[in-house]
Amino acid sequence: MLAVYADQINPDDPLRGLQVGEVPDPTPQDGWTTVTVRAAALNHHDLWSLRGVGLSADALPMILGCDAAGIDGDGNEVVVHAVISSDSWRGDETLDPRRSLLSERHPGALAQRVAVPRRNLLPKPAELSFAHAACLPTAWLTAYRMLFTRGQATPGMTVLVQGAGGGVATALIMLGAAAGIRVWVTSRSEAKRTEALKLGADQAFESGTRLPERVDLVMETVGKATWAHSVRSLKPGGTLVVSGATSGDAPPAELTRVFFLQLSVVGSTMGTRDELERLIRFCLERDIQPPIHATLPLADAREGFQALLEGDVVGKIVFTP
Ligand SMILES: NC(=O)c1ccc[n+]([C@@H]2O[C@H](COP(=O)([O-])OP(=O)(O)OC[C@H]3O[C@@H](n4cnc5c(N)ncnc54)[C@H](OP(=O)(O)O)[C@@H]3O)[C@@H](O)[C@H]2O)c1
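None of these values were measured; they are calculated from a predicted model.

J.: What is the right way to look at the site of the ligand in this model?
T.: In the vicinity of the ligand lie 24 residues, with His44, Gly166, Ser187, Lys192 and Met270 positioned nearest. Lysine 192 is positioned such that a nitrogen or oxygen atom in its side chain is 2.7 Å from an oxygen atom of the ligand. At 2.9 Å, a side-chain N or O of threonine 246 approaches an oxygen atom of the ligand. Alone, the ligand offers 920 Å² of accessible surface; in the complex the protein occludes 86% of this.

Okay, structure coming up:
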């Protein structure tokens with residue numbers, strides 16, 4: 001089958017190890033099934049894998065990709081939950097120390113077929129296209145958990161989203177706006193700020209700009225480049241939820257401000273199957289469709305990886321096998 005895979009790790013030049021070509025079909029283990037992929041979405045995670053973050057050289061070659069929607073062995077339209085927990089784990093699978101994401105220990109979703117545990121399949125509602133459904137399991141699920149579970153956002157709050165154009169950031173804007181939250185965003189790019197306003201942001205600011213007032217919550221995925229601004233933008237008692245560090249993970253901690261203003265810094269990672277189910281329902285009820293920057297044939301995946309690497313993307317890049 002055709003697949004997108006990593007055959008070498010290169011921290012400085014991630015696309016060097018990117019291959020698109022024929023590989024053997026996946027073999028499902030006991031309790032697993034094979035999904036014929038109809039759409040698969042690209043995430044920053046796939047670039048991290050090529051850089052060797054979360055993917056070790058001894059696991060190569062490895063099919064990349066966490067996100068897929070397709071048809072299961074019984075002909076059902078399904079969305080694939082990307083968090084693979086250990087068989088014995090019960091409860092919130094994001095807390096399982098032995099969990100992995102598709103493409104870290106098991107072959108990923110950027111392929112014509114992907115093997116997954118049966119418990120990781122959710123029904124895909126007919127109203128949701130395969131392409132839109134494939135956007136949800138990583139970036140959108142992460143945004144849902146950051147905002148509602150870890151951030152406890154409620155209507156009327158003001159939330160700052162750093163780095164407006166990213167997959168997680170665009171999801172935060174649309175989910176927040178649909179839930180009655182005032183969403184402020186920052187971006188380095190004027191075009192992305194304009195796009196963020198169209199997606200539902202209330203105001204968009206150039207990265208690092210002093211805000212008109214302090215906010216209740218900050219959603220952070222950019223890391224080093226925006227961390228100080230995130231901490232300084234919070235009201236006393238406010239909460240910063242962090243799920244990524246695209247620009248680097250060693251900013252000054254701003255400890256004095258954290259303790260003096262009694263700020264909470266909360267980590268968040270992916271989400272549970274139940275949260276994915278609620279996210280899908282919320283998208284249907286509010287008629288939310290994840291913005292898709294480009295849809296490309298799987299054979300042209302390199303083009304999508306290049307665009308994500310250059311950062312000139314608003315929303316998701318989707319591949320159709
Ligand atoms: N913990 C988890 O479970 C989880 C899940 C999903 C994602 N993540 C992480 O979250 C991060 C975002 O993921 P994504 O898929 O949304 O990535 P993405 O689509 O590539 O978005 C990255 C965004 O970060 C901003 N950015 C990048 N470099 C920057 C810099 N030097 N200065 C300022 N802003 C910068 C950009 O914002 P502007 O260009 O608009 O300024 C861009 O929109 C990644 O690091 C990813 O690994 C973690």
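J.: Any chance you could explain the packing of aromatic side chains here in plain terms?
T.: In total, this model carries four aromatic pairs according to the counting rule given. Measuring from centroid to centroid gives 6.4 Å for phenylalanine 305 and phenylalanine 319, while their planes differ by 10°, and the two rings are stacked. Of this pair, phenylalanine 305 sits in helix α9 (residues 301–310) while phenylalanine 319 sits in strand β18 (residues 316–320), and the two are 14 residues apart along the sequence. Across the pair, phenylalanine 319 and phenylalanine 305 agree in class, each one buried. Three or more aromatic residues joined by ring pairs make a cluster, and in this case those are Tyr144, Phe148 and Phe282. Between the NZ or CZ atom of lysine 124 and the centre of the ring of phenylalanine 130, over which it lies, the distance is 4.6 Å.

J.: Would you explain the sheet that holds strand β1 (residues 2–6) in this entry?
T.: As a general point, the strands of a sheet are linked pairwise by backbone hydrogen bonds and lie either parallel or antiparallel. Read from one edge of the open sheet, three strands run β2-β1-β4, paired in antiparallel fashion. At either end of the open sheet lies a strand with only one pairing partner, and these are β2 (18–22) and β4 (62–63). For β1 and β4, the ladder comprises two bridges, and the chain directions are antiparallel. Paired with tyrosine 5 across the strands is isoleucine 63, a residue of β4.

J.: Got a minute to help me understand the pattern of salt bridges in this structure?
T.: Opposite charge on two side chains lets them pair, provided their charged atoms get close. A complete count under the given rule lists eleven salt bridges for this structure. In this structure, the salt-bridge partner of arginine 232 is glutamate 254, at a minimum N-O distance of 3.3 Å. Of the two residues, arginine 232 sits in helix α6 (residues 227–232) while glutamate 254 sits in the loop between β15 (234–242) and α7 (255–260), which places them 22 residues apart along the sequence. Judged by its relative accessible area of 44%, arginine 232 falls in the partly exposed class. Overall, the relative accessible area of 17% leaves glutamate 254 in the buried class. Close ionic contact of arginine 273 with glutamate 277 constitutes a salt bridge, the shortest N to O distance being 3.9 Å. Placement of both arginine 273 and glutamate 277 in helix α8 (residues 273–285) is noted, with a separation of four residues, approximately one turn of the helix.

Criteria and thresholds
- Residues numbered from 1 in each chain as written.
- Predicted model: local features only at pLDDT ≥ 70, side-chain atom pairs only at ≥ 80, totals over all residues.
- Heavy atoms only, no water.
- Near = heavy atom within 4 Å.
- Polar contact = N/O pair within 3.5 Å; in protein donor to acceptor, adjacent residues only side chain to side chain.
- Areas by Shrake-Rupley, 256 points an atom, 1.4 Å probe, with all protein chains shown as cover.
- Phe/Tyr/Trp six-rings, centres within 6.5 Å; stacked < 30°, edge-to-face > 60°.
- Helix = DSSP H or I, 4+ residues; strand = E, 2+ residues; numbered from the N terminus.
- Buried < 20%, exposed > 50% of the residue type's maximum accessible area, 1.4 Å probe, protein only.
- Lys NZ or Arg CZ within 6 Å of the ring centre and 35° of its normal.
- Pairing = 2+ DSSP bridges.
- Salt bridge = Lys/Arg side-chain N within 4 Å of Asp/Glu carboxyl O.

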